[in-house]
Each structure stands twice: as C-alpha cells, then as structure tokens.
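Geometric and topological summary
The primary structure of each chain is shown beneath.
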Amino acid sequence: YFRYEEEMQVIPADGPYCIYGNHIVVDNGGNGNGLPDFDETISLDFTLKNVGLSTGESVTVTISTVDPYVVFHDDTELFGTIPSSGSITIDEAFTFYINDAIPDQHKLYFTCTATDGNETWESLFMLTVNAPDLHINTLTIDDSEFGNGNGMMDPGEQVDMTINYTNTGHATAYNVDVSLEARSGFVEILNP
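Remember, it's a predicted structure, so these values are computed and weren't measured experimentally.

This paragraph deals with the sheet that holds strand 1 (residues 18-26). Here we have four strands laid out as an open sheet, ordered 1-2-6-4, and antiparallel in their pairing. Strands at the two margins of the open sheet, each flanked by one partner only, are strand 1 and strand 4 (70-74). Averaged over all neighbouring strand pairs, the angle between strand axes comes to 35 degrees, with direction disregarded.

Below, the structure written as structure tokens:
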C-alpha cells in the first residue's frame, strides 16, 4: 500500500459558507460560440452557492487571477442574500478580456472570494481558452524561371517560395498576416 496525504478544508457546522457554483461563458462581443477564445472580451453568468447552515446576507464576490493573459473590466458583484443550501445566479456578473497572444488550450485559474463583511470564503474555478496554433505544413521552392529547376535554393537564383500553413489550434485564425525575414546577409527577400 502507498500512503497518500492531503489537506482538506472542513466547513464549519454553523453559519453561511458561500462558494463558486458554476459559470456560463457569454461572448456576444466575440464569435458567439459560448467558449472563451483568444482576443475576446467575455462575461460570465456566475452562480454562487451557499453550502452552510445559515443564510448569507449581503454577499459580495470578487474574482481574481494572476494570469498575465487576463485584463478585468468588472471583477466584483453583489450577490445579496443567499439561503442555506441555495444558490444565486447573476447574468454577466464579471467581464474580462483574454489577450490575443494566449496559447491554445491555456488554462486560466481564478480565485472566487466571497464575503458577507464578517466571514470570507475562497473557492477556485478554471477556464480553458481556445486559440489558433499555426505551423508550417509544407514549403515548396520553385526555381524553374530564374534558376536550374531543381527545387532548391542555389547561389545566384531567384526563387518563388510557397508556404502552406496548418492550424492545429482550437480556434479559427482570422486575417492572418505572414511575413518572411531573411536571417542571413546572403539572401534578399523581394516580397516579404
């Protein structure tokens, strides 16, 4: 047998205890697919539940993250009174922007901090973000017009280069701009 140890949080047997319940992503300003995507400002329909034995009064919730890909527009919401074993859902309770440079399937970890002014309860939730992930699929050299036609870049030749990209990410890449840069003083790019 292998011993396993874990710390567990024990909820007190009295008073309210308000924690994260669930969320729904609202991305009406983005592509409207109901998923958190790169370069989107999204809102969360947010449910807070009271697992304690008493009613939570004047409960305020703040969500936070240390993730550099998130910029908050609205991170605090008043949920008010939440009965014992009950829950409250507020539509578009929180709003934030997801940076366009976020990697595909990046996980955003949020802390949900609820308070009634006397007690504070923390819980966690996560979002997985979709983004494009572009890779060169094939690269073809055409040196038939100004070269020897062997399909390779040789000294003194002018070639046409065709690059085929593949998006292996979980989001569509829109308005993709590609530029080619020579990292050698021996190559000149005529149409970067």
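Text resumes after the structure shown.
This part is about the packing of aromatic side chains. A complete count under the given rule lists ten aromatic pairs for this structure. Between Tyr-20 and Phe-125 the ring centres are 4.9 Å apart and the planes differ by 10 degrees, which places this aromatic pair in the stacked class. With Tyr-20 in strand 1 and Phe-125 in strand 8 (residues 120-129), this residue pair connects regions lying 105 residues apart in the sequence. A ring pair is formed by Phe-72 and Phe-110, whose centres lie 6.3 Å apart and whose planes are at 75 degrees; its orientation type is edge-to-face. Highlighted residues: Phe-72 in strand 4 and Phe-110 in strand 7 (residues 106-115), separated in sequence by 38 residues. Of the residues examined, Phe-72 reaches a relative accessible area of 24% and is grouped as partly exposed. Given the relative accessible area of 1%, Phe-110 is considered buried. Among the aromatic residues, those joined into a ring-pair cluster are Tyr-20, Phe-46, Phe-72, Phe-79, Phe-94, Phe-96, Phe-110 and Phe-125.

What follows covers the sheet that holds strand 7. In space, the four strands of this open sheet follow the order 5-3-7-8, with antiparallel pairing throughout. With one partner strand each, in any of the chains shown, strand 5 (76-82) and strand 8 form the two edges of the open sheet. Looking at each pair of strands side by side, their axes are set apart by 25 degrees on average, direction ignored. Here strand 7 runs beside strand 8; their pairing, made up of ten bridges, is antiparallel. Bridge pairing in strand 8 places Leu-108 opposite Leu-127.

When the charged atoms of two side chains with opposite charge come close together, those side chains can pair. For the coordinates displayed, the defined rule picks out one salt bridge. Residue Arg-183 is joined to Glu-181 by a salt bridge in which the shortest nitrogen-to-oxygen separation is 3.8 Å. Here Arg-183 falls in the exposed class, since its relative accessible area comes to 77%.

For the rest of this paragraph, the subject is the nonpolar core. Judged by nonpolar contacts, the single largest core of 32 residues is most densely connected at Leu-44, Phe-46, Leu-48, Val-61, Ile-63, Phe-79 and Phe-96. Counting only elements with at least two residues in this core, the list comes to strand 1, strand 2 (40-50), strand 3 (56-64), strand 5, strand 6 (87-98), strand 7 and strand 8. Among the elements that line this core, the one with the most residues is strand 6, at five residues.

Each value, and the rule that gives it
Residues numbered from 1 in each chain as written. Predicted model: local features only at pLDDT ≥ 70, side-chain atom pairs only at ≥ 80, totals over all residues. Heavy atoms only, no water. Pairing = 2+ DSSP bridges. Helix = DSSP H or I, 4+ residues; strand = E, 2+ residues; numbered from the N terminus. Axes fitted to C-alpha atoms, helices over the stretch in contact; angles between N-to-C directions. Phe/Tyr/Trp six-rings, centres within 6.5 Å; stacked < 30°, edge-to-face > 60°. Buried < 20%, exposed > 50% of the residue type's maximum accessible area, 1.4 Å probe, protein only. Salt bridge = Lys/Arg side-chain N within 4 Å of Asp/Glu carboxyl O. Core = buried A, V, L, I, M, F, W, Y, C linked by side-chain atoms within 4.5 Å.

Limitation: the analysis is restricted to geometry and does not speak to function.
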